[in-house]
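Each chain, written out:
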Amino acid sequence: MIWEVTKLRISMILSAIAILALGFALIYGILGYFFGFSNAPLLITGALAFVTIFTLLQWLFGPALIKSIYHLTEVDPTDPQYGWVYNLVQEVAMYNRMNTPKVYIANVPFPNAFAFESPIYGKNMAITLPLLRMLTPEEVKAVIGHEIGHLRHKDTELLLAVGLIPTLLYWIGYGLWWGGLLGGGGGGRNDNSGILFLIGIALIAFSFLFNLFVLFLNRMREAYADVNSAITVPNGAKNLQTALAKIVLSTDPDIIERYKKKYGQIGSMLLFSGFQINEDIPAYKVQELVEYWRNIKVSPFADIFSDHPHPAKRIQLLEKLTHTQ
């Protein structure tokens, strides 16, 4: 288990460094070529400041928007209906040696759980009503362990930092595209509006490519949160496996039958689904789906466009950790 955790942590750190280094190198090279390498740091600083301001505003005040969208209601231990949820979060927070975040119930019609934080609003965790009705308390604790992992690992800050690269590429490309369209070369060594136009389009395309890198990093981040649940919550690995299966089966009860006919990708999530859900899920179907995920071989590209690992990859990682509990 120690090796699995260490490998995942190192891979995540190296991936974040690689994305940042490659992105800044590309930006520096493009701006240096058109406007002179002595001017490139100043231009990058200006663009970075512009993008960072909006990113910081999103980080600082985003929780207010989340609370509004998800219709969040804060609960505490004295809440007569959902005080037990707060107690579960408090218990898992204790396992992780951190203060209990604010706990919210989300009145939305799909099973989900998520954590968010900012310097203004602090650490927060929300669980939707369908998820609470669908899972056992032990499974809810496993899900909480995953979300506590996001808070513990500072995932919000990590994604905001790495996400600056595709955002920078997009806006610099957008500026060059307009510069070329309007026929301005910026006074640099290559006063060629046609090249500026094409490079602008290329940078916009690169921004989408870097978003794939960010998705790759996010999948590792989600896997690391799964690991956190497995190693900090008693029986967290097994309970998170069944929780994932229930979430998928709640929106797609026929998925096992389709798997038997032909292997296909199950939409990945954490913990998120669509709007039509079935909360009454037979236990045998849950175990059958978990067992299927344990044994199938998933393509490395099955989740390339997803921000979460394919469920089978998650179950197989958790399976490695069940033997250590």
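Everything here concerns the structure above.
Here goes a summary of the coordinates provided. Please read all numbers here as calculations on a predicted model, not as lab measurements.

Conventions and cut-offs
Residues numbered from 1 in each chain as written. Predicted model: local features only at pLDDT ≥ 70, side-chain atom pairs only at ≥ 80, totals over all residues. Heavy atoms only, no water. Helix = DSSP H or I, 4+ residues; strand = E, 2+ residues; numbered from the N terminus. Buried < 20%, exposed > 50% of the residue type's maximum accessible area, 1.4 Å probe, protein only. Contact = heavy atoms within 4.5 Å. Areas by Shrake-Rupley, 256 points an atom, 1.4 Å probe, with all protein chains shown as cover. Pairing = 2+ DSSP bridges. Axes fitted to C-alpha atoms, helices over the stretch in contact; angles between N-to-C directions. Parallel < 35°, antiparallel > 145°, perpendicular 65-115°, else oblique. Nonpolar A, V, L, I, M, F, W, Y, C, P; charged D, E, K, R; others polar. Salt bridge = Lys/Arg side-chain N within 4 Å of Asp/Glu carboxyl O.

## Comments concerning the overall build of the protein
Line of reasoning, step 1. Secondary structure summary: the protein contains 11 helices and 4 strands in total.
Line of reasoning, step 2. Looking at the 325 residues of the protein, the share that counts as buried comes to 48%.
Line of reasoning, step 3. Of all intrachain contacts in the protein linking residues separated by at least 6 positions in sequence, the fraction that spans at least 24 positions is 73%.
Line of reasoning, step 4. If you sum the accessible surface of the protein, you get close to 15,600 Å²; carbon and sulfur atoms cover 64% of it.

## Here we look at the pairing of strand 3 (residues 113–118)
Line of reasoning, step 1. For strand 3, a buried count of 6 out of 6 residues is recorded, marking the element as mostly surrounded by other parts of the structure.
Line of reasoning, step 2. Residue alternation in strand 3 divides its side chains into two sets, Ala113, Ala115 and Glu117 and Phe114, Phe116 and Ser118, and both sets are buried.
Line of reasoning, step 3. In this sheet, strand 4 (residues 122–128) lies alongside strand 3 in antiparallel orientation, the contact comprising 6 bridges. Bridge pairing links Phe114 to Ala126 in strand 4.
Line of reasoning, step 4. Connecting the antiparallel pair strand 3 and strand 4 is a turn made up of 3 residues.

## Brief notes about the packing of helix 7 (residues 193–232) against helix 8 (residues 236–251)
Line of reasoning, step 1. Taken N-terminus to C-terminus, the directions of helix 7 and helix 8 make an angle of 130°; their axes are 7 Å apart at the nearest point. Judged on the interaxial angle alone, helix 8 and helix 7 are oblique. Packed against helix 7, whose contacting residues are Asp226, Ser229 and Ala230, the element helix 8 presents Gly236, Ala237 and Leu240 at the interface.
Line of reasoning, step 2. A breakdown of the residues in the contact of helix 7 with helix 8 according to their chemical character gives 3 nonpolar, 2 polar and 1 charged.

## Some remarks on the sheet that holds strand 3
Line of reasoning, step 1. In spatial order, the strands read 1-2-4-3; together these 4 strands make up an open sheet with mixed pairing. The open sheet has two edge strands with one neighbour each: strand 1 (72–75) and strand 3. Taken pair by pair, the neighbouring strands of this sheet meet at an average axis angle of 30°, ignoring direction.
Line of reasoning, step 2. With 4 bridges connecting them, strand 1 and strand 2 (residues 102–106) associate as antiparallel partners. When the sheet's bridge partners are listed, Glu74 is paired in strand 2 with Tyr104.
Line of reasoning, step 3. Contacts between helix 3 (residues 83–95) and the sheet are confined to strand 1, strand 2 and strand 4, with strand 2 contributing the most and set at about 135° to the helix.

## Some words on the packing of helix 5 (residues 137–152) against helix 8
Packed helix pairs are characterised by how far apart their axes lie and by the angle those axes make with each other.
Line of reasoning, step 1. Direction vectors running N to C along helix 5 and helix 8 enclose 100°, while the axes themselves pass 8 Å from each other. Between helix 5 and helix 8, the angle falls in the class roughly perpendicular. Between helix 5 and helix 8, the contacting residues are Glu138, Glu139, Ala142 and Val143 on the first element and Gly236, Asn239, Leu240, Thr242, Ala243 and Lys246 on the second.
Line of reasoning, step 2. For the contact of helix 5 with helix 8, the class distribution of residues is 4 nonpolar, 3 polar and 3 charged.

## Side note on the pattern of salt bridges
Line of reasoning, step 1. All chains considered together, the criterion is met by 12 salt bridges.
Line of reasoning, step 2. Asp226 serves as the salt-bridge partner of Arg314, at 2.8 Å between the closest nitrogen and oxygen. Placement of the pair is Arg314 in helix 11 (residues 311–322) and Asp226 in helix 7, with a sequence separation of 88 residues.
Line of reasoning, step 3. On the accessibility criterion, Asp226 (1% relative accessible area) is buried.
Line of reasoning, step 4. In the salt-bridge network here, residues are joined through shared partners; they are Glu91, Glu138 and Lys141.

## Details of the environment of Ala93
Line of reasoning, step 1. With respect to the secondary-structure elements, Ala93 resides in helix 3.
Line of reasoning, step 2. Along the backbone, Ala93 and Gly145 are 52 residues apart, and their C-alpha atoms lie at a distance of 8.0 Å.
Line of reasoning, step 3. With sequence-adjacent residues up to four places away left out, Ala93 is seen in contact with Met98, Asn99, Thr100, Pro101 and Ile148.

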